Amino acid sequence: MPQLPTPSNTQNQHSHTPPSQLDRITDLAGDLAGQFELVPLLERVLGHAAALLGCESGSISIVHEAEGYYRKEVDQGVGCREGQTFPLTEGLTGQIVKTRGTVVLDRYASVKVGHIDPVDPRWASAVIGVPINWAGTIIGTFAIFSDGPGRVFSPSDASLVELFANHAAIAIMNSRLHQSAAAKEREAAVAGERERAVQEVHETIGRSLGSLLLHLDRADKATPGGSPSIQHIDAARVLAHETLFETRRTVRGFGPSSLAGRTLEEALRQEVDRINASYPIDVTLLVTGDPHDLAPAVAHQLFMIVQEAIANVVVHADARTCRVGIFYDATGIAAVIEDNGRGFEDQETMSLTGSRVGLHGMAARAHFLRGELHVDSTPGWGTSVRAEVPYSSSGDASRERWKVLVACAQPLLRAGLVRLLETSEPSVQVLGEVGTLEDLTESVSLLQPDMLVLDQHLLAEYAHARTQEIYTVERPVVAVVDRPTDEQLAAAALSGVRGFLSISSTPTEVARVVVAAARGDALLDGAMFTRLTETRASDAGEAIQLTARELEVRDLLAEGLADKQIATRLAISVKTVEKHVSAMLRKTGARNRTMLVGLQHQGKAIANSR
């Protein structure tokens, strides 16, 4: 129990306090011991203070100075809107915070932008306003009103209110500490249950994967050399190893709670130590600069980026060494992961066939923190991944998440899309899921999503409603259509469709197409591109001659990169990128970038057919 801080200028004053008043203070001290419900505590503190001063009215407000507002937490007999919030430029609380000390007024009417009605008797009454301080910060204010005109509060009255303000400070902080402890206890209970469940899953899946790898090795040895089955066995072995790697990583608790109680550096060092102990690769960690305190969301997302990059190195790069660097500078933090592995040329292939999140997932996490992700790779020389995040993110970038409404007539498809978006795309927030056009219309009006995901059934109804002007809200749409007909494409055009998904779309493709549509871009997944172009491949003429640089730009466009990202990747200006795109549009006759990328897939299909 912390000692009650008593202002030195009130000690002599209260040494002559009658026993009944001392009893009140003693009773109040007892109230503060072991009681954590904030409002009842503050009501007791306010009641004791008002009674000792022979008054009946007062209020206690909670101040959020950094955010610029305060909240009337407790109100006794004043009628000035308990429970409401006000800016710190208003009311008696605003005056107290501005002066940063006790305010004694002969008339409340002198308060600028007050909250008491002029017909209220307290409008013309005297008032004492005292800041509630803790560790040099104003966390609240304490006000006592006289019962009518004519009374003037003395300095000793103000000192008594200051004493009770100290009691209120202890009540507020005890309540906050209790809430924090209770939240941590709940988190610990949830974490314990999660670890128990994950351990059970690992015991089952781990054994099964171990047996699967054993049988694959035996099948490999029993298969004659040169058999077409070998490549399938090798692919199954890689997939099994990757799944086992992910399972082991999960069971060790490296998820959203992995940073609980630890700094980013501590969590990364433990991850590096684990990788070095489990796999034949030398991973080192270097931290430079003056470490900053990171918001939990920033630290978690950055840790996940590094962890995902290391996992890609372990599973895919065939590297001997991997260097991880964390660099703090004046404006932000950067994480660099470099390896000396095989490298790659086609980032699109890497992002789709790599780990579950892949390069796109890392880029989405960086974007979630208002940062950027840069990837450079050279075949035979290795890969470098650099994530740069500003300190100003402060973990509140969730306010910029794309808000998506999923509308599918088929419950199984609807649930699957919601699950994929929630688990694979941190920059997307699923506001809800509906199954009818009526529910869709109401949900859009109520939830105000940034974009919609519709299946082919609701797409037709949605398009018809728009042609009849029944539904006029403009929202970008992603359509889930496995094999679009001409009628469905026409409906898509009428519905503002910005992207297509197919039933075979991977989690990464789903996330990429949805985010592209939310940003106003148009993107199709690989399978949908193939299906849209394979029927037109026979009509394609000779390959159009593009320069080497134009081909590089086109390949990066196919990955969904913006002009600025392409310019950075190729070390050219954004203006130059725009010129290359314009030249390719002119040469190919494509009407937009989406069609331009589609021609690339069409050309590959023709080449393969030959």
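Please refer to the structure higher up on the page.
Here is what the cut-offs are and how they apply
- Residues numbered from 1 in each chain as written.
- Predicted model: local features only at pLDDT ≥ 70, side-chain atom pairs only at ≥ 80, totals over all residues.
- Heavy atoms only, no water.
- Core = buried A, V, L, I, M, F, W, Y, C linked by side-chain atoms within 4.5 Å.
- Buried < 20%, exposed > 50% of the residue type's maximum accessible area, 1.4 Å probe, protein only.
- Helix = DSSP H or I, 4+ residues; strand = E, 2+ residues; numbered from the N terminus.
- Contact = heavy atoms within 4.5 Å.
- Pairing = 2+ DSSP bridges.
- Axes fitted to C-alpha atoms, helices over the stretch in contact; angles between N-to-C directions.
- 1 Å grid on protein atoms, 1.4 Å probe; cavity = no way out; pocket = protein on both sides within 12 Å on 5 of 7 lines; lining within 4 Å.
- Points joined across faces, edges and corners; volume = space filled by probe spheres on them.
- Nonpolar A, V, L, I, M, F, W, Y, C, P; charged D, E, K, R; others polar.

What about the nonpolar core?
Generally speaking, nonpolar side chains in soluble globular proteins are found buried as a group.
For step 1, the next point in the chain: By size, the foremost hydrophobic cluster in this structure holds 38 residues, and its most contacted members are I281, L302, V306, V324, I326, I333 and L373.
For step 2, the next point in the chain: Within the residue set of this core, elements represented by two or more residues are α7 (264-278), β7 (282-288), α8 (296-317), β8 (321-328), β9 (332-339), α10 (358-368), β10 (372-378) and β11 (382-390).
For step 3, the next point in the chain: The greatest single-element share of this core, amounting to 10 residues, is contributed by α8.
For step 4, the next point in the chain: Discounting residues that sit within four places of it in the chain, V324 has contacts with V283, T284, L285, L286, V306, I310, V336 and I337.
For step 5, the next point in the chain: The next biggest cluster of nonpolar side chains, apart from the first, holds 32 residues, and it includes L38, A49, A165 and M173.

Re the sheet that holds β7
For step 1, the next point in the chain: Spatially, β7-β8-β9-β11-β10 is the arrangement adopted by the five strands of the open sheet, whose pairing is mixed. If you trace the sheet from one side to the other, it starts and ends with β7 and β10, each paired once. With strand direction ignored, the average angle separating the axes of adjacent strands in the sheet is 10°.
For step 2, the next point in the chain: Pairing of β9 with β11, which is carried by eight bridges, proceeds in the antiparallel orientation. Its bridge partner being in β11, I337 is matched across the sheet by V385.

Details of unusual backbone geometry
For step 1, the next point in the chain: Backbone geometry places V113, a non-glycine residue, at a positive phi of 55°.
For step 2, the next point in the chain: In this structure, V113 sits in the loop between β4 (103-105) and β5 (127-134).
For step 3, the next point in the chain: We classify V113 as partly exposed; its relative accessible area is 48%.

Focus on the sheet that holds β4
For step 1, the next point in the chain: Sheet architecture is open: six strands sit in the order β3-β2-β1-β6-β5-β4, paired in antiparallel fashion. Every interior strand has two partners, whereas the edge strands, β3 (85-87) and β4, have only one. Here the average twist between neighbouring strands, direction ignored, is 25°.
For step 2, the next point in the chain: Taken together, the eight bridges between β5 and strand β6 (residues 137-145) define a ladder with antiparallel strand orientation. Its bridge partner being in β6, N133 is matched across the sheet by I138.
For step 3, the next point in the chain: Packed onto the sheet, helix α3 (residues 38-52) meets β1 (57-64), β2 (69-76) and β6 and runs at close to 65° relative to β2.
For step 4, the next point in the chain: Packing of helix α4 (residues 91-99) onto the sheet brings it into contact with β1, β2, β4, β5 and β6, and relative to β4 it is tilted by some 130°.

A short note on empty space enclosed by the protein
For step 1, the next point in the chain: A complete count under the given rule lists two cavities of 30 Å³ or more for this structure.
For step 2, the next point in the chain: Size it by volume and the largest cavity reaches roughly 120 Å³.
For step 3, the next point in the chain: Surrounding the largest cavity, 17 residues form its lining, S59, K72, L92, T93 and A143 being those nearest its centre.
For step 4, the next point in the chain: Of all elements in the fold, only β1, β2, α4 and β6 reach the threshold of two or more residues within the lining of the largest cavity.
For step 5, the next point in the chain: Considered class by class, the residues forming the lining of the largest cavity number 10 nonpolar, six polar and one charged.

Worth remembering: the numbers are spatial, not functional.
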